[in-house]
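# Topology and contacts: notes
Listed here are the chains, written in short residue letters.
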Amino acid sequence: MVDLPQKMVGLISCSGEGCVEGTISRIATLLVLEKLRPAQTVTICLPLFLAGGKEERAFAKFYPTITVDGCEKLCAKIGTERYSGKPASSIVVTDLNGNQNCSTTGSKRKLDDQAIALTEKVAERIAQEVDEVLNHWK
Amino acid sequence: MRTKGIKVDDCKLSEYLQTVFEKFELRVRKGYYYTEDGVWASVEGAKVRVGVTDYLQRTGGDVAFVELVKLGSTVQKQTGIGTMETAKTTVSLLSPISGTVEEVNGMLSEKPELTNSDPYGEGWLIILTPHSLEDDMKSLMSADDYFQLMLRKLETEHRKLESR
Amino acid sequence: MNSTMQNKVVVIPCSGIGKALGTVGREATYEVVENMRKDVTETICLALLVSGDEESVQLVQHNKCITVDGCPLQCAEKNVRIAGGDLAASLRVVDALRENRGLKPKSVAFLDSDGQQLTRAVAEKIASKVDAILGA
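Residues numbered from 1 in each chain as written. Chains lettered and ligands numbered in written order. Predicted model: local features only at pLDDT ≥ 70, side-chain atom pairs only at ≥ 80, totals over all residues. Heavy atoms only, no water.

## Describing the overall build of chain C
For clarity, the cut-off: Segments assigned H or I by DSSP are reported as helices when at least four residues long, segments assigned E as strands when at least two residues long, and all are numbered from the N terminus. Atoms counted for the radius of gyration: C-alpha only. Globule rule: 2.2 Å times residue count to the power 0.38. We call a residue buried when its accessible area falls under 20% of the maximum for its residue type, exposed when it is over 50%, and partly exposed in between, using a 1.4 Å probe and counting protein chains only. For the area figures, the Shrake-Rupley method with a 1.4 Å probe applies, and any residue is considered shielded solely by the protein chains shown. In this tally Asp and Glu are treated as negative and Lys and Arg as positive; neither His nor the chain ends contributes. For charged residues, the charge sits on one atom: NZ in Lys, CZ in Arg, CG in Asp, CD in Glu.
Of regular secondary structure, chain C possesses 6 helices and 4 strands. Secondary structure of chain C in N-to-C order comes out as β-α-β-α-α-β-α-β-α-α. Taken against the 2.2 N^0.38 rule, which gives 14 Å for 136 residues, the C-alpha radius of gyration of chain C at 14 Å falls within 12% of a compact globule. Taking the principal axes of the C-alpha coordinates as reference, chain C spans close to 40 × 35 × 20 Å. Here chain C, with 136 residues, has 57% of them falling under the buried criterion. Accessible area for chain C stands at about 5,500 Å²; split by element, carbon and sulfur atoms hold 45% of it. In chain C, which carries 16 positive and 17 negative side-chain charges, the distance between the mean positions of the two groups comes to 8 Å.

Next comes the structure, spelled out in structure tokens:
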């Protein structure tokens, strides 16, 4: 057997329609996937995960996951716990914004400066959690 | 799968050699022959069926168009038999052998996604009557060799991501 | 959210993360519900629907729905059906890509110009379906 060691963390972001925090959750997750930790992370598509996507669920069963939720409904965290197991870490966007909803200029998808700053903060936090999880992974 | 790393599975009972990269299972069909570009050839009596590998469809992305050479055409080894256009890129498909095109997979014009969902089955591309099969086969890879090539490609990709 | 709202169409994107066409579908949905047909459309979160949120389930069961899927796995269509939604139309972004050959949206987080062009095309299709459903 050949081993290809690959420590990876699955990032599960909420779908987040209808609120700007959902958009922030998604974009922050993508920033980590594409820029901050591209070799250490993989995305798990939440709708596919919840609907029974075998690759998504198989990965989440055997690799550590970090869930990123926009709001207190915690779709990503609850779904992951239900179908795979407790995530290694859970991040909620409103928690990082002092338990407040993020103000916007009116659109849920066009982030204003404040929302962009929060997105970057969330991305940094996700990246830190990825490092923590990988450090503890024996 | 296990919690650390990727296990390479060479289960003799399986039709495939397979590995897991990130969350994707990548398979190589045993008993087929392969080009380095990711095209497979399966000998079926006097004919040869041709398709794309799991690795090629996965790296190419969701296929929007598959355009193939015309029925009755003569193709030379390593010349074009069509293109596979995805949301990301357009891939030129080169014939693994020389021959005459006896069948073209008509399903792909309406359902190009078959090349993604079933690359070794319903997503086949063309069937050829070979002109010089024995000679052409000499430069094709076995499933084991292509599998090792695929693993090397995956490792290279992973290193590129690490160096970003 | 008023689950029994009258004469509105619920547009549900797949919200697929990791593929540019998922972002296109989502952006196109927002273009329709925030601008093009803002008084007659609404969107909901697919994950909330799939996890059984009662309000979301009632909304799709009592209103006409259009799903917008970014990939052939068609999570939005399948899950609206499973929830018993009144599915009036299901769109696939890849079909719009086939009609706009040559566009290659690359970026996932923020759409590039090809992605924006494709978004406009998909938004037009969604808006046409909305009009057809409402008899406009």
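That shown, we press on.
## Quick word on the pairing of strand β2 (residues 9-13) of chain A
Where a strand is regular, its side chains alternate between the two sheet faces. Residues and elements named next belong to chain A. This is how the line gets drawn: Here the rule is simple: two strands pair whenever DSSP picks up at least two bridges between them.
By the criterion of burial, β2 is predominantly enclosed, with 5 of the 5 residues buried. Across the two faces of β2 the burial is the same, with V9, L11 and S13 and G10 and I12 all buried. Pairing analysis gives 4 bridges linking β2 to strand β3 (residues 41-44), with the strands arranged parallel. Considered in β3, the bridge of I12 is made with I44. The sheet contact formed by β2 and strand β4 (residues 65-69) spans 4 bridges and is parallel.

## Quick look at the packing of aromatic side chains
Operational definition: Stacked, tilted and edge-to-face pairs are distinguished by plane angle, under 30 degrees for stacked and over 60 for edge-to-face with tilted covering the rest, among Phe, Tyr and Trp rings (Trp via its six-membered ring) whose centres lie within 6.5 Å. Whether a charge sits over a ring depends on NZ of Lys or CZ of Arg being within 6 Å of the ring centre and within 35 degrees of the ring normal.
Enumeration over the complete set of coordinates arrives at 7 aromatic pairs over all chains. An angle of 35 degrees between the planes, with centres 4.6 Å apart, marks the rings of Y32 of chain B and W40 of chain B as tilted. One aromatic cluster is present, formed by Y16, Y32, W40 and Y120 of chain B through successive ring pairs. Sitting over the ring of Y16 of chain B, R27 of chain B keeps its end group 3.8 Å from the ring centre. Over the aromatic face of F65 of chain B sits the side chain of R101 of chain C, whose NZ or CZ is 3.9 Å from the ring centroid.

## Remarks on the pattern of salt bridges
To keep it simple, the criterion reads: Each salt bridge in this description consists of a side-chain nitrogen of Lys or Arg and a carboxyl oxygen of Asp or Glu lying within 4 Å of one another.
Per the stated rule, a full pass over the model turns up 18 salt bridges over all chains. A cluster of three or more residues bridged by salt bridges with shared partners is formed by E67 and E85 of chain B together with R101 and K104 of chain C.

## Some points on the sheet that holds strand β11 (residues 99-104) of chain B
Residue and element names in this part refer to chain B. Across the sheet, 6 strands lie side by side as β4-β5-β6-β12-β11-β8; this open sheet has antiparallel pairing. Pairing within the sheet leaves two strands with one partner each, and these edge strands are β4 (33-34) and β8 (74-75). Sheet topology places strand β6 (residues 47-52) next to strand β12 (residues 126-130); 3 bridges connect them, and they run antiparallel. Its bridge partner being in β12, V50 is matched across the sheet by I126.

## Some points on empty space enclosed by the protein
Note the cut-off: Grid points spaced at 1 Å over the protein atoms alone were grouped into cavities, where a 1.4 Å probe fits but cannot get out, and pockets, open sets with protein on both sides within 12 Å along at least five of seven lines, with lining residues defined by an atom within 4 Å of a point. Grid points are joined across faces, edges and corners, and a volume is the space filled by probe spheres set on the points. Polar here means any residue other than Ala, Val, Leu, Ile, Met, Phe, Trp, Tyr, Cys and Pro, which are nonpolar, and Asp, Glu, Lys and Arg, which are charged; Gly is therefore polar.
Summed over the entire model, instances satisfying the criterion amount to 1 cavity of 30 Å³ or more. In this structure, the largest cavity spans a volume of roughly 30 Å³. Considering the residues around the largest cavity, the lining is formed by V63, P112 and E113 of chain B together with P72, R92, V94 and R98 of chain C. Class assignment for the residues of the lining of the largest cavity results in 4 nonpolar, no polar and 3 charged.

## Some remarks on unusual backbone geometry
Glycine aside, residues mostly have negative phi angles, and peptide bonds mostly take the trans form. Although it is not a glycine, L74 of chain A adopts a positive phi angle of roughly 55 degrees. Tracing the backbone through its elements, the reader meets L74 of chain A in the loop between β4 and α4 (75-83). By relative accessible area, L74 of chain A is classed as partly exposed at 22%. Notably, E22 of chain B is not glycine yet its phi reads approximately 55 degrees, a positive angle.

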